[in-house]
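For reference, the chains in residue letters:
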Amino acid sequence: MSGSIRVIGVLGSPRRHGNTEMLLDTFLKGAAEAGAETEKIILSKLSYSSCKGCNACHKTGECILKDDVHPAFELMISADCLAISSPIYTMGITTELKGLIDRAHYVWVRHYKLKTHPLPQDKMKLHRGYFLSTAGMDRDDVFSTAFPMMTALFNIFGFSYCENILAKNMDGYGGIAGNPKILTAAYESGSNAVKGILAKEPCKRT
């Protein structure tokens, strides 16, 4: 479907076909059935190093490390909607996702230091970002450390941070299949994301 809405999911879990991927896949299914093209980036399949903190990118906007983050970032920038997913391990997002966010520093330099962001400000408002996460523990603060990092990631790429879709107490539920309400919520969020983009409606953070 040329010219259709593009929704990119990013799987930050090193575990395949687990709770987090099921939640992400349900969001992507909702988006696809609302008419979007969907694609999933599986971080555990990529090869990339951590940021070296050399700040070489401050001069050129280019990262000196040549690895799989570059095509992944180009795909993410091309999206109309980003769905970032990670389980919570020891009260934080996974190493795979945190490493990806750190490597996005050169994208921040391009967009905000060198002022070469490819999107006009009005179009950035229509680009939607969603955070999907699972956690074994039943604690109210179990996701708290993830939110500032998601804010940073969506700001770097020029996406409005629209919604968190959070599934805690996975140990109590015996896995995400034991909480069908959150899967329904993920499906509806994916569908509504596409409908909102098509209607050119900026999202309201929920």
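Position numbers for residues count from 1 along each chain, tracking the sequence in the order it is written. pLDDT decides what is reported in this predicted model: residues at 70 or higher carry local features, side-chain atom pairs at 80 or more are listed and counted, and totals for whole chains, interfaces and linings draw on all residues regardless. The basis for the side-chain values is all heavy atoms of the structure; hydrogens and waters are excluded.

A few points about empty space enclosed by the protein
How we decide: Using a grid of 1 Å spacing that covers the protein atoms alone, one calls a set of points a cavity when a 1.4 Å probe fits there but cannot get out, and a pocket when the set is open and has protein on both sides within 12 Å along at least five of seven lines; lining residues are those with an atom within 4 Å of a point. Grid points are joined across faces, edges and corners, and a volume is the space filled by probe spheres set on the points.
In the structure shown here, the tally under the stated rule is one cavity of 30 Å³ or more. By volume, the largest cavity is sized at about 140 Å³. Cys51, Lys52, Cys54, Cys57 and Cys63 are the residues nearest the centre of the largest cavity, which is lined by 15 residues in total.

Description of the sheet that holds strand β3 (residues 81-87)
What counts is decided by this rule: A pair of strands is labelled paired if DSSP reports no fewer than 2 bridges between them. Secondary structure elements are taken from DSSP: a helix is a run of H or I of four residues or more, a strand is a run of E of two residues or more, and numbering for both begins at the N terminus. Axis definition: a line fitted to C-alpha atoms, limited for helices to the stretch in contact. Angles are taken between N-to-C directions and run from 0 to 180 degrees. Residues are treated as being in contact if the distance between any of their heavy atoms lies within 4.5 Å.
If you trace the five strands from one edge of the open sheet to the other, you get β2-β1-β3-β4-β5, paired in parallel fashion. Edge positions in the sheet fall to β2 (37-42) and β5 (160-167), since each has one partner strand and no second. Taken over all neighbouring pairs, the strand axes of this sheet differ in orientation by 15 degrees on average, direction set aside. Alignment of β3 against strand β4 (residues 128-134), held across seven bridges, turns out to be parallel. Paired with Ala83 across the bridge in β4 is Tyr130. Of the strands in this sheet, β1 (6-11), β2 and β3 are in contact with helix α3 (residues 69-77), which crosses β2 at around 150 degrees. Strands β1, β3, β4 and β5 of the sheet are contacted by helix α9 (residues 180-198), whose axis makes an angle of about 170 degrees with β4.

Quick notes on the layout of surface pockets
What the largest pocket holds in volume is close to 240 Å³. In terms of lining, the largest pocket is formed by 18 residues, of which the most central are Pro87, Tyr89, Thr134, Ala135 and Gly136. Residue assignment for the lining of the largest pocket shows that the elements contributing at least two residues are α1 (19-33) and α8 (170-173). Per-element accounting of the lining of the largest pocket gives the leading share, three residues, to α1.

Notes on the nonpolar core
Keep this limit in mind: Buried residues of nine kinds, namely Ala, Val, Leu, Ile, Met, Phe, Trp, Tyr and Cys, make up a nonpolar core once their side-chain atoms join them within 4.5 Å. Any residue under 20% of the maximum accessible area for its type is buried, any over 50% is exposed, and the rest in between are partly exposed; the area is computed with a 1.4 Å probe on protein chains only.
Grouped together as the largest cluster of nonpolar side chains are 39 residues, with contacts concentrated most on Phe73, Met76, Ile84, Leu100, Met150 and Phe157. Residue assignment for this core shows that the elements contributing at least two residues are β1, α3, β3, α4 (95-103), α5 (105-113) and α7 (146-157). When residues in this core are grouped by element, the largest group, seven residues, is from α7. Filtering out sequence-adjacent residues up to four positions away, Met76 remains in contact with Val10, Ile41, Leu82, Ile84, Leu100, Leu153, Phe157 and Phe159. Grouped together as the second largest cluster of nonpolar side chains are 26 residues, Leu11, Ala83, Ala193 and Val194 included.

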